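Commentary on secondary and tertiary structure
So you can see what is in the structure, the chains are spelled out below.
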Amino acid sequence: SNPSPYNIKEVLDFRNTPQRRAFHSLQADTVNATVNGTGWDMLFSKISPGNNHITVDLSSLENKSYVVLSSQINQINNKRGNGQQITIFNPDTLYFDFSNRKVKRIPVKLITAIRYAHQFFQSDNITIKPAYVIINGPSNVIDKITEWPSDTLTLDSADETVTALVNLQAVKEGNLNVYPKNVQVTIPVDEFTEKVLEIPVKVINNRNYEDVKIFPQKVKVTFTISLNRYREIDEDFFEATVDLDLWRLHSYKVLPVVITKIPAYCRIVRIEPQNIDFIIKK
């Protein structure tokens with residue numbers, strides 16, 4: 001029960017960090033502290049190491065590159081119990097690296113691992129709010145960052161629109177800050193079905209051949225479409241082409257049909273016919 005010195009590790013919590021200078025600690029985020037306390041105090045510090053935190057004031061870094069812990073020992077001990085007074089820090093001086101501070105606005109990159117239920121798929125653009133985050137830190141680090149990834153949003157058998165709060169990936173550098181820490185994500189999900197339309201075929205690269213006949217002039221396109229958009233999608237949303245350069249440069253006898261325009265989130269199932277005949281009148 002008599003007071004005696006013992007050593008414990010203390011986790012450093014910083015406050016009053018510099019606002020105009022980016023900094024990076026050149027040592028670990030813990031220090032060894034010699035504490036004057038009883039055997040019971042030592043025992044409880046081993047049982048509950050999560051309580052071993054000290055708050056360090058960094059306001060002096062506005063004009064210095066180091067902080068001396070012993071100069072703050074009184075205010076640190078004032079927040080501790082009478083039986084757990086710190087007498088020595090090792091190391092006693094904390095050193096910091098400084099560089100020019102920069103603020104940048106960058107887009108959020110959503111990371112997903114989504115499995116959809118049968119016949120259900122993403123039916124529209126994903127909404128992220130906010131779509132951008134603010135990062136600040138050393139210029140040489142900020143300049144290399146073009147987007148900030150989220151944690152992975154994992155879903156299984158999704159069969160309805162998803163709205164979720166997704167955390168952004170944690171900062172790995174101690175002198176870098178990101179705000180906000182999470183974003184709201186909305187992923188439209190709908191049931192899909194097949195639809196068939198007849199699409200006119202357009203001839204491209206018709207070089208000096210004014211009279212080109214193709215057979216047939218339309219192709220039947222089968223594609224998947226969400227139920228909510230089934231009625232609004234017609235042939236004007238598509239474009240089908242054949243390239244006459246395939247005959248001129250490569251002697252093709254028939255021309256393959258290529259769908260060059262298709263509504264977002266629709267998928268082509270089949271094209272009938274896939275190749276069409278043509279006649280050129282010179």
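Nothing here was measured: the structure is a model prediction, and the numbers come from that model. (Residues numbered from 1 in each chain as written. Predicted model: local features only at pLDDT ≥ 70, side-chain atom pairs only at ≥ 80, totals over all residues. Heavy atoms only, no water.)

Overview of the pattern of salt bridges
We apply this condition: When a carboxyl oxygen of Asp or Glu is within 4 Å of a side-chain nitrogen of Lys or Arg, the pair counts as a salt bridge. Each helix is a run of DSSP H or I of at least 4 residues and each strand a run of E of at least 2, with the numbering of both proceeding from the N terminus. Residue exposure (1.4 Å probe, protein chains only): buried if accessible area is under 20% of the type maximum, exposed if over 50%, otherwise partly exposed.
Under the counting rule described, the total for this entry stands at 6 salt bridges. Across the pair Arg15 and Asp57 runs a salt bridge whose closest N-O atoms are separated by 3.7 Å. Taken together, the residues Arg15 in strand β1 (residues 4-15) and Asp57 in strand β4 (residues 53-57) connect sequence positions 42 residues apart. Using a relative accessible area of 32% as the deciding quantity, one classes Arg15 as partly exposed. Where Lys109 meets Glu147, a salt bridge forms, and the shortest distance between an N and an O atom there is 3.7 Å. Pair noted here: Lys109 is in strand β8 (residues 101-116) and Glu147 is in the loop between α3 (139-142) and β12 (148-158), with a separation of 38 residues, a long-range link. Residue Glu147 is classed as partly exposed on the basis of its relative accessible area, which comes to 36%.

Looking at the sheet that holds strand β10 (residues 127-129)
Strand pairs in the sheet, formed through backbone hydrogen bonds, run parallel or antiparallel to each other. Rules: Between any two strands, at least two bridges found by DSSP are needed for them to pair. Note on geometry: axes are lines fitted to C-alpha atoms, helical ones only across the stretch in contact, with angles between N-to-C directions running from 0 to 180 degrees.
Ordered by their spatial adjacency, 3 strands build an open sheet running β10-β15-β13, and the pairing between neighbours is antiparallel. One side of each edge strand has no neighbouring strand; the edge strands of this open sheet are β10 and β13 (162-167). For this sheet, the mean inter-axis angle between neighbouring strands, taken without regard to orientation, is 20 degrees. Two elements, β10 and strand β15 (residues 182-187), share 3 bridges in a ladder whose sense is antiparallel. Within β15, the position partnered with Thr127 by the bridge is Thr186.

Side note on the sheet that holds strand β17 (residues 211-215)
Taken in spatial order, the 3 strands line up as β17-β23-β20 in an open sheet, and their pairing is antiparallel. The open sheet is flanked by β17 and β20 (255-256), the only strands paired with a single partner. In the sheet, β17 pairs with strand β23 (residues 275-281) via 5 bridges, with the strands oriented antiparallel. Pairing of Phe215 across the sheet is with Asp277, part of β23.

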